[in-house]
Amino acid sequence: MAASSVAASELLYNMKKQILILHPKVSCIIRRISTRSPRRYNQPQPSAKSAPEQLVGVVGLEIHAQIHSNTKLFSGSSVCFSAPPNSLVSFFDASLPGTLPVLNRRCVEAAVMTGLSLNCTINRKSLFDRKHYFYADLPAGYQITQQRRPIAVDGMLTYSFLGGKKRNQVIRKNVHIKQIQLEQDSGKSLHDDLRSQTLIDLNRAGVGLMELVMEPDMSCGEEAAAAVRELQLILQALGTCQGNMSEGQLRVDANVSVHRPHEPLGTRTEVKNINSVRYLARAIDYEIRRQIDVLQRGGMVQNETRAYDSKSGETVPMRDKEGLQDYRFMPEPNLPPLIVYEDNASLPTGTDLCQAVVVQKIREGLPELPSVRRDRLVQTYGILTEHSFTLVNEDGLVEYFEAVLKATKRAPRNVIGWVTNELLSYLKQHDMSVSQSPVTPPALAELLELQEMGHISSSVAKQVFQEMWRSSGKTATQIIHEQDLGLVSNTAQLHSICQKVVDSHPDEVHAIRNGNKKVLNKLMGLVQKETKGRADPVLVRTILQEKTS
């Protein structure tokens, strides 16, 4: 070891000498290097660099909700989804020269009501603007919207969804509402690929929309879908939008990007016109995965507009956004500022109350909102939280459930299973709404009372319900009487049936007598099979216990 150290020193000396001969004006310092093995336990350990945080998704939403109104936003044309093409078009909708907009008061009230329900600040003065762009289904070449000062700003939507391993844990989150603005809808372009032509239907042109802009506070498709579903329920409860996504009454654009926490947001893409809550979740989750994969392979996410292909489950590019479109916003010259009033006391003298929009009056008329309704159902009836979600999510199901409870003495926990399992499954099988159910709340209540009083078993009750669904108008009592489905409680008859089952299954009887009491359930099932589910289960159990003891 000493010889090698000396050799190393001589090598360093010779290197320094050679450098000074070649470059005499250069001062060169060479640090002596130890050739001894390092003693690691005495050396300070270098601090390990923390691994970079994982990329996460960031999601913001822009939602266009069609206002539930008989007429359009600025004209008297009717609003109807299934009307023949171009049958609901006024001169103003077709943008004929000399026509002027007349604001629909109902649309303003709907926007104020929606803003109040989402905890927004209602601007007492809002403005209309022209947004210029060219589409064949936009006859005027511009859209009337509210860019500078919308009717409502700075709101908050609280939404909930079921999480956890068993999907029974309620997770509550908030998303900020940047603004709600009133604007016109465009017409519809119908593309005929066979004839290579595009047809224009202006029935939708001028229909009132509320555009709701949600801040990028969400991180995945599940959260975005839950937020949209909650908004849909709120709009339906208010009556401001019917929320039928299949008819385009609620259209969602998702702005999706990825970044590492505590770092600036990444380049976003916009996924346009998603018309299903389920597809929204899938589209966002796919887009997040796609962007993460692009970045991990060293690529760059493009700022572009994409569409969701439900067949492949992927987003596909539509157009890039490299050149920012200049919409040439300008004040709408044919509409004065929109003024709403806090209360009647703030109305100017001589104002026609039928024409004024009063915030306080609208606030007092707000209905019970979905989140409040869910909490009330859990607290009032003691049902599970997941059952409250099922009831509220289905239009009319809460009212049906409460109507059954009023007509029966059975506990809510016994009724809820029939409503959320039996009734709802039949409705979905037949693609029907709650209001179309052939089994009315009083009819279901009668069936449950008969089961509670011991006239029929639970299995027979389901059989009777099925028959009530098929034979609309027949009561449970009639069906039970006609098909002789009443509970068999004749002791002598049940003794005979039980003895027959016991005699034909000696192995099971032997197992029961050796302490395996669970086998008794098998014998009970065989008795019920013999009686077609009509035997009194309490009496059957008692008889079998006597005969196998």
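Residues numbered from 1 in each chain as written. Predicted model: local features only at pLDDT ≥ 70, side-chain atom pairs only at ≥ 80, totals over all residues. Heavy atoms only, no water.

**Quick look at the overall build of the chain**
1) Next: Across its full length, the chain carries 16 helices and 16 strands.
2) Next: Taking all 549 residues of the chain together, 42% fall into the buried category.
3) Next: Nonlocal contacts in the chain, meaning residues at least 24 apart in sequence, comprise 66% of its contacts between residues at least 6 apart.
4) Next: Carbon together with sulfur atoms contributes 51% to the accessible area of the chain, which is approximately 30900 Å² in total. (Helix = DSSP H or I, 4+ residues; strand = E, 2+ residues; numbered from the N terminus. Buried < 20%, exposed > 50% of the residue type's maximum accessible area, 1.4 Å probe, protein only. Contact = heavy atoms within 4.5 Å. Areas by Shrake-Rupley, 256 points an atom, 1.4 Å probe, with all protein chains shown as cover.)

**Some thoughts on the sheet that holds strand 5 (residues 142-145)**
1) Next: The sheet built from three strands is open, its strands ordered 5-4-15 with antiparallel pairing. Of all the strands in the sheet, the pair left with one neighbour each is strand 5 and strand 15 (330-331).
2) Next: Bridge count for strand 4 (residues 129-132) against strand 15 is two bridges, and the pairing is antiparallel. Residue pairing across strands places Arg130 opposite Met330, the latter belonging to strand 15. (Pairing = 2+ DSSP bridges.)

**Notes on the nonpolar core**
1) Next: Within the largest apolar cluster, 65 residues are counted, with the highest numbers of intra-cluster contacts made by Leu61, Val112 and Leu182.
2) Next: A total of eight residues in this core trace back to one element, the largest contributor, which is helix 3 (residues 221-238).
3) Next: The residues touching Leu61, leaving out its near neighbours within four places in the chain, are Leu212, Val213, Met214, Met218, Ala224, Val228, Val252, Asp253, Ala254, Leu280 and Ile284.
4) Next: Judged by nonpolar contacts, the second largest core, of 38 residues, contains Leu427, Val434, Leu448 and Ile480. (Core = buried A, V, L, I, M, F, W, Y, C linked by side-chain atoms within 4.5 Å.)

**A word on helix 15 (residues 519-530)**
1) Next: For helix 15, built from 12 residues, the straight-helix expectation of 16 Å at 1.5 Å per residue is met to within 8% by its first-to-last C-alpha distance of 17 Å.
2) Next: Listing the buried residues of helix 15 in full gives Val519, Leu520, Leu523, Met524, Val527 and Gln528.
3) Next: Buried residues in helix 15 make contact with helix 13 (491-503), helix 14 (506-513) and helix 16 (537-548).
4) Next: Positioned one or two residues after helix 15, Lys532 has a phi angle of 60°, which is positive. (Expected span 1.5 Å × (residues − 1).)

**Regarding the packing of aromatic side chains**
1) Next: Scanning the entire structure with this criterion turns up 12 aromatic pairs.
2) Next: Judged by centre distance (5.3 Å) and plane angle (70°), the ring pair of Tyr426 and Phe465 falls under edge-to-face. One end of the pair, Tyr426, is in helix 9 (residues 412-429); the other, Phe465, is in helix 11 (residues 458-470), and 39 residues separate them in sequence.
3) Next: Between Tyr426 and Trp469, the aromatic rings sit 5.2 Å apart at their centres with planes inclined by 40°, giving tilted as the arrangement. Here the residue Tyr426 occupies a position in helix 9, and Trp469 occupies one in helix 11, the gap between them amounting to 43 residues. Judged on exposure class, the residue Tyr426 and its partner Trp469 are both buried.
4) Next: Here the aromatic residues Tyr133, Tyr135, Tyr327 and Phe329 are joined through ring pairs into a cluster of three or more. (Phe/Tyr/Trp six-rings, centres within 6.5 Å; stacked < 30°, edge-to-face > 60°.)

**Quick look at the packing of helix 9 against helix 11**
Any two packed helices are characterised by how steeply their axes cross, that is the angle between the axes, and by the distance between the axes.
1) Next: Here helix 9 crosses helix 11 at 40°, and the two axes come no closer than 12 Å. Regarding the angle of helix 9 to helix 11, the classification is oblique. Classified by chirality, the crossing of helix 11 by helix 9 is right-handed. Residues Trp418, Glu422, Leu423, Tyr426 and Leu427 of helix 9 lie in contact with helix 11, whose contacting residues are Ala461, Lys462, Phe465, Gln466 and Trp469.
2) Next: When grouped by side-chain class, the residues that make up the contact of helix 9 with helix 11 number seven nonpolar, one polar and two charged. (Axes fitted to C-alpha atoms, helices over the stretch in contact; angles between N-to-C directions. Parallel < 35°, antiparallel > 145°, perpendicular 65-115°, else oblique. Left-handed = near helix turned anticlockwise from the far one by under 90°. Nonpolar A, V, L, I, M, F, W, Y, C, P; charged D, E, K, R; others polar.)

**Remarks on unusual backbone geometry**
Working note: non-glycine residues mostly have negative phi, and peptide bonds are mostly trans.
1) Next: Its identity as a non-glycine residue notwithstanding, Asn119 has a phi of 60°, on the positive side.
2) Next: Of note, Asn119 is situated in the loop between helix 2 (105-117) and strand 2 (121-122).
3) Next: Phi at Arg328 is positive, roughly 50°, even though this residue is not glycine.
4) Next: Here Arg328 is to be found in the loop between strand 14 (314-320) and strand 15.

**A few points about the confidence of the model for the chain**
1) Next: On average, residues of the chain score 87 in pLDDT, and 90% of them reach the 70 mark or higher.
2) Next: Counting interchain partners and residues more than four positions distant, the pLDDT-below-50 stretch residues 1-8 has four contacts.
3) Next: The low-confidence segment residues 19-49 (pLDDT under 50) makes 13 contacts with residues lying over four places distant or belonging to another chain. (pLDDT = per-residue confidence, 0-100.)

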